[in-house]
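Structural overview
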Amino acid sequence: MSNVWHGLLMEHPMYFIAVFFAATFIGYLGLPFFMWTIFILALGYGLGLSVVALSILGVLLAIFLTPPLRRIFISSFLMKMMKNLVPKISETERTALEAGVVWVESDLFSGKPDFKKLINEDYSVLSSEEQEFLNGPTNELCKLLNDWEIWRTRKLSDESFNFIKEKGFLGMIIPKKYGGLGFSASAHADVIAKISSRSITAAITVMVPNSLGPAELLLHYGTEEQKNTWLPKLASGEVVPCFGLTEPNAGSDAGAITSEGVLFKGEDGRVKIRLNWNKRWITLASISDVIGLAFKLKDPEGLIGDNKDIGITCALIPSKAQGVHLGRRHDPLSIPFYNCPTQGVDVIVDAENSIIGGIEKAGHGWKMLMESLGAGRGVSLPSLSCGGNALCARVSSNHAMIRKQFGVSIGLFEGVQEPLARIGASNYYLEAMRRYTLGALDRGIAPPVVTAMCKYYATEKFRDAVNDSMDVLGGAGISLGPKNLIGSGFMASPISITVEGANILTRTLMIFGQGALRAHPFAFKEVDAIGKGDLVGFDHAFWGHIGHVVRNTCRIILLSLTRGHLSSRGTGGAVGRYYQKLSWASTGFALLADIAMGLLGGKLKFKEKLAGRFADILSWMYIAMATLRRFEAEGSLKEDLPLVHYSLRHAFSQIQRSFEGIHANLEVPVIGWIFKYPIRWLSRFNRFDSAISDSLGTEVVKIYTQDSAQRDRLTSGIYIPTETSEALGFQEQAFKATMASKPIVKKIKKAMRAKQLKKGSITDALKDAVSQSIITSDEMQALKRAEELCFEAIQVDCFTEEEYVSRV
């Protein structure tokens, strides 16, 4: 029997193919190792191996399947060999890696996402109390704010700032028992989004005390005495905080700070700190009452332990303490929020009272910063950016229908529709990403890789949206003044790109640099086990990793051959195909990441262009999943399908482009050539993406250029004034009048085509149209009113020479 099978295999290649696919299917299903053992022994028997050979093979497989034997004879040697190959993790890197938790990114990194779990993740919603605050005090604040006056006078009005303090805006994250509002991350985020649509200066002023700073650090790490002393004052606005982290030589590399605190014993016998610092770009510093300060603490006299270099520590320093220098300001692209340098020269404070968490928490500052930033990156800047993006969608679509050239609204020109479609789609998928992330944060889950993705793409896409809006608005976008609704956003967008970790490094170092270790099911466990000399842990992680690679290799073969059709359709329906593509992309990403890590090892850390492309794939998979979750959470509305299709097709086009970039630049001998040529060619032929058609873009634009409940729902998070004395309020009125007059215009044009009216301008034909009863006199007045409103709405600001040079 054995010889017959052997003959068939040798003489008939199709049997080899059958065996190959049998093995591939076993791998695809992720069956345990003993199934592979049976398969290998059966294959050996079929190939005619002798009894001796089969016995040797059986012994080797038995060793492999018996963990204690495998560790002695195989894993111990592998562990020694890999010790010099894997990247070494410093203590600061370890702290950053261990901060926060791993969330849905691990599914996307696995190669086999569990869509049932991912689609049922909590979706962000507000409580009735939080919604009332958004509809009440937040709207009231927005009504007080005048963005042009803030820009012109270079400050928030006293009335606005006092209102912010009195209504508790500075204490949204502080629990009610300390006098704060005790809001969820979602409520905090929605407040920021709405304010940012009115004034970025005001949004930043509210945002910073609720982000990384004294309140956040005290809540998680402060002593009860510190909480009771500071939190009520921070919540009421009696004390305005700032946080000093960035220095001339320590930006994204926050661990490079040189600010120093030295412990000594005071005359009263208590342990004191003598502080010296030089910080810059510290928001609210010059108007602050307390500075949260990050510095390196030293203990030369051994007052609190044996370690003389204790490490990064966070402390609260009164702004009026002797030696603190404040008062100067930076000018961040003319956006007039308080952003300032601060220095401290021999500032002396009590150690126990000042160090957040007391002396016990000395040296824990880096961990505090990493954990707090891991949450904050998913709230503040994404919400500011999403609010700005939604404003761009509203303003640019208004203008596109109001502004006419060659007798028609410019929104009907396909050239204008291209940027409008990009703005409209990004408004949908960025809000989906923001909501999906907030659902985790509301449950106390702070996934730093996910929040880094959220911060990076929200701020980058806001920059794209405001640039596209500039193209649509043209001269109305570049002429500053009270009527300009996007000028400040255009100037401010690079600020968000820069802060809380510059985007360039966020993409290359955090999203994939940390994600490759954190989100991978085995990589960090392997590296950690090698570092600790843990053979049992290494054995479990390494062979689990091998199984992971085998499974994904088999999966990518079958999914590529079937173009993903072999995988789950998720919720099915109109979006089912996207789940299959996402599963396919996840498998390709997981396998390619393993290949890159295996071939490049520690060198991958410095291949930032490759790391950036991996980061893009992981991020766009997350955005795609968030978009699918939003569509399902909002009732799978058919009217939203154009937005869903556009968003997901765009996501997969970015994924495809990044895969091709990795294939072309994986510079390793032999295998690099295989990826650069045959695999890249096959990838281009067998693509994840499908083109965004012109008609799909037009469908997206129609959603935003019609006066509808859907349009209002998609931009519901921004502040839209009802007063026509406001630029946006007036633009809204002109837009509504324009849309209401469209049926009237249609009647007149139809009469012109029928030669009932002389061809020419609509305005010139009005009287004849009324006299021939084509339209009524009321309709004529409505059309005239619409044209008057449109003419006024497209006017731009101008100034006398004296007004221009003395605007401040």
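Located above this text is the structure these notes cover.
Thresholds applied
Residues numbered from 1 in each chain as written. Predicted model: local features only at pLDDT ≥ 70, side-chain atom pairs only at ≥ 80, totals over all residues. Heavy atoms only, no water. Helix = DSSP H or I, 4+ residues; strand = E, 2+ residues; numbered from the N terminus. Rg over C-alpha atoms; globule rule 2.2 N^0.38 Å. Contact = heavy atoms within 4.5 Å. Areas by Shrake-Rupley, 256 points an atom, 1.4 Å probe, with all protein chains shown as cover. Lys, Arg positive; Asp, Glu negative; His and termini not counted. Charge placed at Lys NZ, Arg CZ, Asp CG, Glu CD. Disulfide = S-S within 2.5 Å. Pairing = 2+ DSSP bridges. Expected span 1.5 Å × (residues − 1). Bend = angle between axes of the 7 residues up to and from the residue. Patch = residues over 30% accessible without salt bridge, like charges linked within 9 Å, V, L, I, M, F, W, Y side chains within 5 Å. Salt bridge = Lys/Arg side-chain N within 4 Å of Asp/Glu carboxyl O. Buried < 20%, exposed > 50% of the residue type's maximum accessible area, 1.4 Å probe, protein only. Phe/Tyr/Trp six-rings, centres within 6.5 Å; stacked < 30°, edge-to-face > 60°. Polar contact = N/O pair within 3.5 Å; in protein donor to acceptor, adjacent residues only side chain to side chain. 1 Å grid on protein atoms, 1.4 Å probe; cavity = no way out; pocket = protein on both sides within 12 Å on 5 of 7 lines; lining within 4 Å. Points joined across faces, edges and corners; volume = space filled by probe spheres on them. Nonpolar A, V, L, I, M, F, W, Y, C, P; charged D, E, K, R; others polar. Axes fitted to C-alpha atoms, helices over the stretch in contact; angles between N-to-C directions. Parallel < 35°, antiparallel > 145°, perpendicular 65-115°, else oblique. Left-handed = near helix turned anticlockwise from the far one by under 90°.

Section: the overall build of the protein
When helices and strands are counted, the protein shows 36 helices and nine strands. Here the C-alpha radius of gyration of the protein, 31 Å, is about what a compact globule of 808 residues would show, namely 28 Å. Counting only C-alpha atoms, the protein reaches 105 × 90 × 45 Å along its principal axes. Sequence separation of at least 24 residues holds for 75% of the intrachain contacts in the protein that already meet a minimum separation of 6. Accessible surface for the protein amounts to roughly 35,200 Å². Of this, 57% is attributable to carbon and sulfur atoms. Taking the average location of the 88 positive side-chain charges in the protein and that of its 80 negative ones, the two points are 6 Å from each other.

Quick word on the state of the cysteines
Per the counting criterion, the structure on display carries zero disulfides. Its sulfur unpaired, C242 is 8.0 Å from the next cysteine sulfur, which belongs to C340. Here C392 is not cross-linked by a disulfide; its sulfur's nearest cysteine counterpart is in C386, at 12 Å.

What to know about the environment of S725
Mapping S725 onto the fold places it in the loop between α32 (709-714) and α33 (727-753). For the pair S725 and G323, spaced 402 residues apart in sequence, the C-alpha to C-alpha distance is 48 Å.

Some words on the pairing of strand β2 (residues 260-265)
For β2 and strand β3 (residues 271-283), the ladder comprises six bridges, and the chain directions are antiparallel. Across the sheet, K265 pairs through a bridge with V271, a residue of β3.

Digging into α33
Side chains that are three or four residues apart share a direction in an α-helix, a result of its 3.6 residues per turn. Helix length check: α33, at 27 residues, gives a terminal C-alpha distance of 37 Å against a target of 39 Å (1.5 Å per residue), a fit within 8%. Remark: the principal bend of α33, roughly 40°, maps to K742, with a proline, P743, within the next four residues. Downstream of α33 by a residue or two, K755 has a phi angle that is positive, lying close to 65°.

Brief notes about a positive patch on the surface
A cluster of like positive charges, contributed by K404, K742, K746, K749, K750, R753, K755 and K759, occupies part of the molecular surface. Considering every element that reaches the positive patch, the biggest residue donor is α33, with five residues. Its place among the elements puts K750 in helix α33. For K750, a relative accessible area of 57% translates into the label exposed.

Quick look at a nonpolar patch on the surface
Taken together, L599, V670, I671, W673, I674 and Y677 make up a surface patch of nonpolar side chains, about 580 Å² in accessible area. Looking at the nonpolar patch, the element that brings in the most residues is helix α30 (residues 671-685), giving four residues. By the element assignment, I671 lies in helix α30.

A word on the pairing of β3
Between the antiparallel neighbours β2 and β3 lie five residues, among them G269 with a positive phi of about 85°. The sheet contact formed by β3 and strand β7 (residues 339-350) spans nine bridges and is antiparallel. The residue bridging T283 from the neighbouring strand is N339, located in β7.

As for unusual backbone geometry
Of note in the backbone geometry, F406 takes a positive phi value of approximately 55° without being a glycine. Counting through the fold element by element, F406 comes out in the loop between β8 (404-405) and β9 (408-409). With phi around 50°, S636 is a residue other than glycine that occupies positive phi space. By the element assignment, S636 lies in the loop between α28 (608-633) and α29 (641-665). S636 sits in the partly exposed class, given a relative accessible area of 39%.

Here's the deal with the packing of aromatic side chains
According to the stated counting rule, one finds 25 aromatic pairs in the structure shown. Aromatic pair W103 and Y436: ring centres 5.2 Å apart, planes at 45°, arrangement tilted. Remark: Y436 occurs in helix α20 (residues 414-442) and W103 occurs in the loop between α6 (91-98) and α7 (105-110); sequence separation between them is 333 residues. Pair check on accessibility: W103 and Y436 agree, each one buried. Look at F109 and F589: their rings are 4.9 Å apart centre to centre, the planes differ by 70°, and that puts the pair in the edge-to-face class. With F109 in helix α7 and F589 in helix α27 (residues 576-600), this pair connects stretches of sequence that are 480 residues apart. Taken individually, F109 and F589 each receive the classification buried, so the pair is uniform in this respect.

Side note on the side chain of T459
By secondary structure assignment, the location of T459 is in helix α21 (residues 448-473). A polar contact of 3.1 Å, which involves the side chain of T459, links it to the backbone oxygen of Y456. T459 has contacts with L381, S385, S496, I497 and N503, leaving out every residue within four places of it along the chain.

Quick look at empty space enclosed by the protein
Scanning the model with the defined rule gives one cavity of 30 Å³ or more in all. Taken as a whole, the largest cavity spans an internal volume of roughly 40 Å³. Forming the walls of the largest cavity are A393, S396, S397, L420, I423, G424, V701, Y704 and T705. Put simply, the parts of the chain that give the lining of the largest cavity at least two residues each are α19 (380-402), α20 and α31 (694-704). Considering only residue class, the lining of the largest cavity consists of five nonpolar, four polar and no charged.

Concerning the pattern of salt bridges
Evaluated as defined, the whole model comprises 38 salt bridges. Notably, a salt bridge pairs D539 with R71, separated by 3.9 Å at the nearest N-O pair. Here D539 is found in helix α26 (residues 535-561), whereas its partner R71 is found in helix α5 (residues 67-82), with 468 residues between them in sequence. The exposure classification of D539 matches that of R71, with both residues buried.

A few points about the packing of α29 against α31
At their nearest, the axes of α29 and α31 sit 9 Å apart, and the two run at 130° to each other. In this view, α29 runs oblique relative to α31, as classed from their interaxial angle. Between α29 and α31 lies a crossing whose hand is left-handed. For the pair α29 and α31, the contacting residues are P642, L643, H645, Y646 and R649 in the first and L696, G697, E699, V700, I703 and Y704 in the second. Split by residue class, the contact of α29 with α31 holds seven nonpolar, two polar and two charged.

Considering the environment of M470
Here M470 shows up in helix α21. As a C-alpha pair, M470 and F490 span 20 residues in sequence and 8.1 Å in three-dimensional space. When neighbours within four sequence positions are excluded, M470 is seen to be in contact with G477, I478, I486, G487 and F490.

Digging into the packing of α5 against α26
Viewed as axis vectors pointing N to C, α5 and α26 meet at an angle of 85°, and their least axial separation amounts to 10 Å. Taken together, α5 and α26 sit at an angle that is classed as roughly perpendicular. When α5 is examined against α26, the residues R70, R71, I74, S75, S76, L78, M79 and M82 are found in contact with a partner set consisting of L535, V536, F538, D539, F542 and W543. Partitioned by chemical class, the residues of the contact of α5 with α26 number nine nonpolar, two polar and three charged.

Thoughts on the side chain of S288
Secondary-structure assignment places S288 in the loop between β3 and β4 (290-298). Among the residues examined, S288 registers a relative accessible area of 9% and is labelled buried. Of the polar contacts made by the side chain of S288, one reaches the backbone oxygen of A285; its length is 2.7 Å. At a separation of 2.9 Å, a polar atom in the side chain of S288 contacts the side chain of S319. Contact partners of S288, with chain neighbours within four places excluded, come to V240, P241, C242, S319 and L326.

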